[in-house]
Amino acid sequence: MSSLSTPASGGPEPLLLLLDPAARQTDGESVRIARDVLCGGTDAKVAYPESPSELDRVLSHRGRRRPVVIGSDLAMQRVLQALYRQRELGADPVGMVPVGRSDELVAARALGVPGEPVPAARAVLAGVPRKLDLLVDDGGGVALGGVRISGGGSRRTVSRTGGWRSLWAKLAAAEQGTSLTIEPGRGEHSARLRVEADGRLLADVHEPVRVVEVTLPGGDAVGAGVMEIVVRAPGALVRARAATVSVTGRGFDYEADGHPVGPVRVRTWTVHPGAWGLLLPAG
């Protein structure tokens with residue numbers, strides 16, 4: 001890992017810029033523009049953490065610096081996960097400059113982060129923090145926007161992407177005892193899952209389930225401490241709102257903010273209302 005500092009030039013808060021190595025490979029020019037705008041606006045330290053342990057170390061030694069992610073939804077997700085693990089999630093608002101393919105930035109768009117590097121960097125420098133809810137699972141994982149469980153089978157493929165994406169995928173795979181990552185299956189297949197929301201049974205193992213979708217609502221519902229749950233089964237659709245949802249099965253994969261996790265047999269998600277702050281454009 002390498003880092004550098006620039007002298008302060010008027011920004012009220014010092015920043016820690018966390019550059020996803022994969023973002024530099026995908027769109028190095030956007031990364032450079034974002035870095036230049038941010039370093040020109042305040043005292044900024046730039047870091048390139050190349051493993052989860054380096055990310056933990058950089059965050060734990062950031063002092064008063066606000067973390068700013070330059071990268072994808074997954075990069076932001078992992079930073080929030082590290083801050084949650086360190087019990088520092090709500091200590092400072094987090095900034096983001098989205099860099100990556102469009103399918104890697106779905107959560108950033110949904111949260112209102114500007115899509116271009118200059119407006120996004122300006123929102124970090126002059127924006128206002130907005131408190132947002134977070135989905136936290138009993139395995140220590142987090143999700144910014146939602147979780148999806150498909151009834152389809154899984155196809156295992158070797159990860160060939162670079163940067164934080166592949167490093168964390170390898171780490172998760174190692175914890176599962178395999179060197180492969182999981183790609184959720186496609187198609188209209190069904191699984192046998194038990195789904196409970198705040199103790200209410202939404203589906204049981206004797207009923208086939210095609211899709212379970214868990215999302216954090218926006219608008220006035222932010223901070224209410226509830227998630228929206230949709231269970232799709234052949235000939236049936238069940239909707240619910242709850243603070244906690246538990247899913248049990250013989251072994252299932254899921255996507256958190258579009259990124260594959262699993263397989264697991266049991267997983268419980270809980271809403272943490274107003275758990276973190278995101279710097280967004282004023283007004």
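Residues numbered from 1 in each chain as written. Predicted model: local features only at pLDDT ≥ 70, side-chain atom pairs only at ≥ 80, totals over all residues. Heavy atoms only, no water.

Chemist: Could you give an account of the pairing of strand β6 (residues 128-137), naming the residues involved and the relevant values?
Modeler: Here β6 runs beside strand β18 (residues 259-280); their pairing, made up of 9 bridges, is antiparallel. In the sheet register, Pro129 faces β18, and the bridge partner there is Leu279. Here β6 folds back onto strand β7 (residues 142-143) in antiparallel fashion, the turn holding 4 residues, of which Gly140 has a positive phi close to 90°. (Pairing = 2+ DSSP bridges. Helix = DSSP H or I, 4+ residues; strand = E, 2+ residues; numbered from the N terminus.)

Chemist: Could you give me a rundown of the side chain of Asp133, with the residues and numbers involved?
Modeler: Its location among the elements puts Asp133 in strand β6. In this structure Asp133 is buried but unpaired, with Arg130 as the nearest side chain of opposite charge at 8.8 Å. Here Gly274 takes part through its backbone nitrogen, which lies 2.8 Å from a polar atom of the side chain of Asp133. (Buried < 20%, exposed > 50% of the residue type's maximum accessible area, 1.4 Å probe, protein only. Lys, Arg positive; Asp, Glu negative; His and termini not counted. Salt bridge = Lys/Arg side-chain N within 4 Å of Asp/Glu carboxyl O. Polar contact = N/O pair within 3.5 Å; in protein donor to acceptor, adjacent residues only side chain to side chain.)

Chemist: Any chance you could break down the pattern of salt bridges for me, citing the residues and the numbers?
Modeler: Evaluation of the coordinates by the stated rule reveals 16 salt bridges. Here Glu88 and Arg62 are joined by a salt bridge, their closest N and O atoms 3.5 Å apart. Residue Glu88 is found in the loop between α4 (73-85) and β5 (95-98), and its partner Arg62 is found in the loop between α3 (52-60) and β4 (66-71); the two are separated by 26 residues along the sequence. When its relative accessible area of 31% is taken as the criterion, Glu88 is described as partly exposed. Its salt-bridge partner being Arg101, residue Glu104 comes within 3.3 Å of it at the nearest N-O pair. Judged by relative accessible area, Arg101 falls into the partly exposed class, the value being 43%. Through salt bridges with shared partners, a single ionic network connects Glu29, Arg32, Arg35 and Asp36.

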